[in-house]
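Spelled out, the chains give:
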Amino acid sequence: TFRIHIAALAGRAERRPTLLTFEDLSEQRVIERMRVDFVANASHELRTPLASLLGFVETLQGPARNDEKARERFLGIMREQGLRMARLVDDLLSLSRIEQRAHVAPDAPVDLAGIAREIVDSLTLLAREREVTLKLKAPSEPLQVPGDRDELLRLMENLVENAIKYGKRGGEVAIAVEIHDGEASVCVRDDGPGIAPEHLPRLTERFYRVDTAASREAGGTGLGLAIVKHIVLRHRGRLTIESKPGQGAAFKAILPRYGTGRSAA
Ligand code: ADP
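Thresholds, definitions, all that
Residues numbered from 1 in each chain as written. Predicted model: local features only at pLDDT ≥ 70, side-chain atom pairs only at ≥ 80, totals over all residues. Heavy atoms only, no water. Axes fitted to C-alpha atoms, helices over the stretch in contact; angles between N-to-C directions. Helix = DSSP H or I, 4+ residues; strand = E, 2+ residues; numbered from the N terminus. Left-handed = near helix turned anticlockwise from the far one by under 90°. Contact = heavy atoms within 4.5 Å. UniProt positions renumbered as here; feature names shortened; annotations may be inferred. Near = heavy atom within 4 Å. Polar contact = N/O pair within 3.5 Å; in protein donor to acceptor, adjacent residues only side chain to side chain. Areas by Shrake-Rupley, 256 points an atom, 1.4 Å probe, with all protein chains shown as cover. Parallel < 35°, antiparallel > 145°, perpendicular 65-115°, else oblique. Nonpolar A, V, L, I, M, F, W, Y, C, P; charged D, E, K, R; others polar. Pairing = 2+ DSSP bridges. Salt bridge = Lys/Arg side-chain N within 4 Å of Asp/Glu carboxyl O. Buried < 20%, exposed > 50% of the residue type's maximum accessible area, 1.4 Å probe, protein only. Phe/Tyr/Trp six-rings, centres within 6.5 Å; stacked < 30°, edge-to-face > 60°. Lys NZ or Arg CZ within 6 Å of the ring centre and 35° of its normal.

1. Description of the packing of helix α5 (residues 149-166) against helix α7 (residues 224-234)
And then number 1: Orientation of α5 relative to α7, taken along the N-to-C sense of each, is 140°, at an axis distance of 9 Å. Considering how the two elements wind past one another, α5 and α7 form a crossing that is left-handed. Counted together, E151, L152, R154, L155, N158, L159 and N162 of α5 and G224, L225, I227, V228, I231, V232 and R234 of α7 form the full contact between these two elements.

2. Overview of the UniProt feature "domain: Histidine kinase" (unreviewed entry) in the protein chain
And then number 1: UniProt feature "domain: Histidine kinase" (unreviewed entry): in the numbering of this structure it lies at residues 41-259.
And then number 2: Secondary structure content for residues 41-259 is 48% helix and 20% strand, and the end C-alpha separation is 42 Å.

3. With respect to the site of the ligand
And then number 1: Around the ligand lies a shell of 20 residues, among which Y166, S215, T221, G222 and L225 are the nearest.
And then number 2: Contact between the ligand and N162: an oxygen atom at 2.9 Å from a side-chain N or O atom of the residue.
And then number 3: At a separation of 2.6 Å, an oxygen atom of the ligand approaches a polar side-chain atom of Y166.
And then number 4: Protein chains bury 96% of the 530 Å² of accessible surface belonging to the ligand in isolation.

4. A few points about the packing of helix α3 (residues 112-122) against α5
And then number 1: It is at 9 Å that the axes of α3 and α5 come closest, and there the two elements cross at 50°. As summarised for this structure, α3 and α5 are arranged oblique, according to the angle between their axes. Crossing of α3 over α5 shows right-handed handedness. Residues L112, I115, A116, E118 and I119 of α3 pack against R149, L152, L153, M156, E157 and V160 of α5.
And then number 2: For the contact of α3 with α5, a count of residues per class yields eight nonpolar, no polar and three charged.

5. A closer look at the sheet that holds strand β9 (residues 249-256)
Strands belonging to one sheet form pairs held by backbone hydrogen bonds; the direction of such a pair is parallel or antiparallel.
And then number 1: One open sheet holds the five strands; their spatial order is β4-β6-β7-β9-β8, and the pairing between them is mixed. Strand pairing shows two members of the sheet lacking a second neighbour, β4 (133-137) and β8 (238-243), which therefore form its edges. Neighbouring strand axes in the sheet, compared pairwise and without regard to direction, differ in orientation by 15° on average.
And then number 2: Pairing analysis gives five bridges linking β4 to strand β6 (residues 172-180), with the strands arranged parallel. Each residue of the ladder has a partner; that of L136, found in β6, is I175.

6. Here's the deal with the pairing of β6
And then number 1: Where β6 and strand β7 (residues 183-190) come together, eight bridges link them in antiparallel fashion. If you follow E178 over to β7, its bridge partner there is S185.
And then number 2: In textbook terms, the turn of a hairpin is the stretch between consecutive antiparallel strands, and for β6 and β7 this stretch comprises two residues, one of which, D181, has a positive phi near 45°.

7. Thoughts on the pattern of salt bridges
And then number 1: Applying the stated criterion across every chain yields a total of 15 salt bridges.
And then number 2: With a closest N to O distance of 3.3 Å, E172 and K135 form a salt bridge. Linking E172 in strand β6 with K135 in strand β4, this pair joins segments that are 37 residues apart in sequence.
And then number 3: Judged by its relative accessible area of 43%, K135 is partly exposed.
And then number 4: Within this structure, R101, D148, E151 and R234 form a network of salt bridges that share partners.

8. Notes on the environment of T48
And then number 1: When you line up the elements, T48 lands in helix α1 (residues 26-61).
And then number 2: Linking T48 and A218, residues 170 residues apart in sequence, is a C-alpha distance of 16 Å.

9. Quick notes on the packing of aromatic side chains
And then number 1: By the definition in use, this model includes two aromatic pairs.
And then number 2: Note on F38 and F207: the rings are 6.1 Å apart at their centroids and 25° apart in plane angle, and the pair reads as stacked. With F38 in helix α1 and F207 in the loop between β7 and α6 (212-217), this residue pair connects regions lying 169 residues apart in the sequence.
And then number 3: Aromatic side chains F56 and F74 sit 4.9 Å apart centroid to centroid with 50° between the ring planes, which places their arrangement in the tilted category. Of this pair, F56 sits in helix α1 while F74 sits in helix α2 (residues 68-100), and the two are 18 residues apart along the sequence.
And then number 4: Its end group placed over the ring of F38, R206 keeps NZ or CZ at 4.7 Å from the ring centre.

Written out as structure tokens, the structure is:
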């Protein structure tokens, strides 16, 4: 979309030239639109648990003041809502920090195979709760990529956690760390219900969820894959998502290695 600015440089009477400028506003408009939507979505996401929290405070100060049983239950719910808000604020902060550093590619040596092992260990309990088997295939020697250790841990954690949460109860999650020429990849595959094709292009948008209730139930903020995408982009890599409904989903992050392309310098 082009907008035409017509600025009359002079008064009508003097017949001076009229300046005509063409400016492509489409990208600028899209960015502005995204910003407005983001603030609205984030406010809404915070408002919901906040309203619930305040509602329970009022009930505890009023009608339920002397009800010991209700008090215990309400405090439990209030804690949950508080934790949900804390998770959301933490994810918003992570996302904004990653975005702020987007123009600097991280280049500390990070062992991708080691990261995968750490995440498998730390998510064993969650996997057990959903009776999910975690399978890891990674080279036994270190596989170093130029990166940011915390961000790569986060990337792997978000993908494996999603596979456990949205995959099949009692199913299997396969994590594979591989080398191909100048690149390294991590692939997380589950055997759950998968994702319908119409959702795939929007999956990494902030707050986009296929099933909002299921996401909330699982404690999701709707920001996990947006964080994954920004981490991959900052590492100058790419993310692919493949899924056939009924046959699970596979998320693959492909990252450049040392000594190839940009990292050779
Ligand atoms: P959330 O906090 O909701 O988990 P994410 O950004 O991590 O947010 O994921 C966005 C949505 O993508 C999820 O709500 C879920 O609907 C869908 N999704 C993510 N991973 C998978 C998966 N492995 N299988 C099926 N759906 C998934």
